[in-house]
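# Understanding the architecture of this molecule
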Amino acid sequence: MIETVLRSEDLPVADRFAWWRERTSQTLTPTEITSDHADDFRACFRLLDLGAAQVSVLSYPSLRSRRTSALVRRSDPGLYHLALTLRGRQSISRCRRDASVAVGDLLLYDSSHPSDASAFPDDGGAVEGIVVNVPRTAIPLPAAKVDRLLGAPLPGDSGMGALLSQFLIRLAPESDSCRPQDAIRLGGLTVDLITAFLAHHTDTEDSVSPESRRQALLAGIHSFIERNLADPQLSPGAVAASHHISVRYLHRLFQPQGVTVSAWIRQRRLERCRRDLADPQLSDQPIGFLAARWGYVHASEFTRAFRRAYGIPPSTYRQEVLHSRQCTDRQLRASGGPGDLMPR
């Protein structure tokens, strides 16, 4: 996966705001940006290039962004932008429609129409959000119907909106564990989920291809499994019942992944346990307690599963990774560098 992480603090203070304007114009859409914090603009920009879609994770202070008619005439890349607000509040004016966007809302806008947007933190901190760029031509829905959604907040906490939001939130922090060849698959899945989400809100589900529906269903199943890993009763039968499909069809959905449903649940549980074992803030918690957090009723069962997956007992893994962290921190402190390079 092609990933770019940039922070304004890495630049001289005088260059930070100009850098932000140039970066967002290149990766999102050219706009006129103003801010009360232009003298010392503290922001972070993370770009995931997934081929079919680009995902930007943004953190920045209050600002105003205007996509003027002149900018539209000068250059229109033909993009839909789908934004998820994670922190702060935003407002947008487009085609004489004013809207307020709260945390958890999804907002669709595009590069082909003028707009005027403002963003403000709620607590004096930063505004945070995720923006996905998708070519208008990549959405196989009637453009006239999709365009009716432009500039109107859409719920991100229920139905397809919740599924899409959870997918985007999980995608950003876990991208560093993905291989470069995963980018194409994730880009296609991102477009499929956005298509299914927009189709739901435009009553155009019949326009969605069977493959896109299958991908959206599989993404929903993955999300369900992730939310219920702590439940010892989580099983293929429970997953199938919650999605109103047969267990046989559920297994067919998982066949292209080369892993069974039960094996996928086991892998995800072990990965969550592995992360907890490597977390120094949880170093005083018994291993059995951490295992129980992720659905393992018996500590002995967890120990056997962990050893099969990683080649060593969980207690040995915890000792090694925490000792390695302590040694690294001591070396960095001695050299005057940052003291937190916790492996994730």
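The numbering scheme is per chain: residues are counted from 1 as the chain's sequence reads. Only residues with pLDDT of at least 70 are given local features in this predicted model, and only at 80 or more are side-chain atom pairs given and counted; all residues enter the totals for whole chains, interfaces and linings. Heavy atoms throughout the structure, all of them, feed into the side-chain values; hydrogens and water do not.

## Focus on the packing of aromatic side chains
Our working rule: The rule is short: rings of Phe, Tyr and Trp, with Trp giving its six-membered ring, pair when the centres are within 6.5 Å, and they are stacked under 30 degrees, edge-to-face over 60, tilted in between. Going along the chain from the N terminus, every DSSP run of H or I of four or more residues is numbered as a helix, and every run of E of two or more is numbered as a strand. Only protein chains enter the accessibility calculation, which uses a 1.4 Å probe. A residue is then buried if its area is under 20% of the maximum for its type, exposed if over 50%, and partly exposed in between. Criterion for a charge above a ring: Lys NZ or Arg CZ within 6 Å of the ring centre, and within 35 degrees of the ring normal.
Inspection of the entire model under this criterion finds 9 aromatic pairs. Between Phe17 and Phe41, the aromatic rings sit 5.1 Å apart at their centres with planes inclined by 55 degrees, giving tilted as the arrangement. Of this pair, Phe17 sits in helix H1 (residues 16-27) while Phe41 sits in the loop between strand E2 (32-34) and strand E3 (44-49), placing them 24 residues apart in sequence. The residues Phe17 and Phe41 share a single accessibility class, namely buried. Ring geometry for Phe306 versus Tyr310: centroids 4.6 Å apart, planes at 50 degrees, classification tilted. Within this pair, Phe306 and its partner Tyr310 are both found in helix H11 (residues 299-310), separated by 4 residues, close to a single helical turn. Relative accessible area serves as the criterion here: at 0%, Phe306 is assigned to the buried category. Through a chain of ring-to-ring contacts, three or more aromatic side chains come together here, namely Phe17, Trp19, Trp20, Phe41, Phe45 and Tyr60. Residue placement shows Arg23 over the ring face of Phe45; its charged tip is 5.9 Å from the ring centre.

## Regarding the packing of helix H6 (residues 210-227) against helix H9 (residues 261-277)
Rule in force here: Note on geometry: axes are C-alpha line fits, over the in-contact stretch for helices, and angles between N-to-C directions span 0 to 180 degrees. The scheme is simple: roughly parallel for angles under 35 degrees, roughly antiparallel for over 145, roughly perpendicular for 65 to 115, oblique for anything else. Each crossing is labelled by how the near helix is turned from the far one, with a counterclockwise turn of less than a right angle marking it left-handed and a clockwise turn marking it right-handed. Throughout, a residue-residue contact means that at least one pair of heavy atoms, one from each residue, lies within 4.5 Å. Gly is placed with the polar residues, together with every amino acid not listed as nonpolar (Ala, Val, Leu, Ile, Met, Phe, Trp, Tyr, Cys and Pro) or charged (Asp, Glu, Lys and Arg).
Between H6 and H9, the least distance of the axes is 10 Å, while the angle of their chain directions is 50 degrees. Relative to H9, H6 is oriented oblique. H9 is crossed by H6, and the crossing has right-handed handedness. Two secondary-structure elements touch here, H6 through His222, Ile225 and Glu226 and H9 through Trp264, Ile265, Arg268 and Arg272. Taken together, the residues of the contact of H6 with H9 sort by class into 3 nonpolar, 1 polar and 3 charged.

## Remarks on H6
Our working rule: One less than the number of residues in a helix, times 1.5 Å, gives the span that helix is expected to have.
Taking 1.5 Å of rise per residue, 18 residues should cover 26 Å, and H6 covers 26 Å from first to last C-alpha, within 8% of that figure. When H6 is considered as a whole, its buried residues turn out to be Ser212, Gln215, Ala216, Leu218, Ala219, Gly220, Ile221, His222, Ser223, Phe224, Ile225 and Glu226.

## Regarding the pattern of salt bridges
Here is the rule we go by: Only one rule defines a salt bridge in this text: a Lys or Arg side-chain nitrogen within 4 Å of an Asp or Glu carboxyl oxygen.
Taken as a whole and judged by the stated rule, the model has 17 salt bridges. Across the salt bridge formed by Arg42 and Asp40, the nearest N and O atoms sit 3.1 Å from each other. Since its relative accessible area comes to 28%, Asp40 is described here as partly exposed. A salt bridge links Arg272 to Glu226, with the shortest nitrogen-to-oxygen separation between them at 2.9 Å.

## Considering the pairing of strand E11 (residues 127-135)
Here is the rule: Whether two strands pair comes down to DSSP finding at least two bridges between them.
In terms of residue burial, E11 counts as a mostly covered element, since 7 of its 9 residues are buried. Pairing of strand E4 (residues 54-60) with E11 involves 7 bridges; the strand directions are antiparallel. The residue bridging Gln54 from the neighbouring strand is Asn133, located in E11. Looking at chain direction, strand E6 (residues 79-87) and E11 are connected through 8 bridges and run antiparallel.

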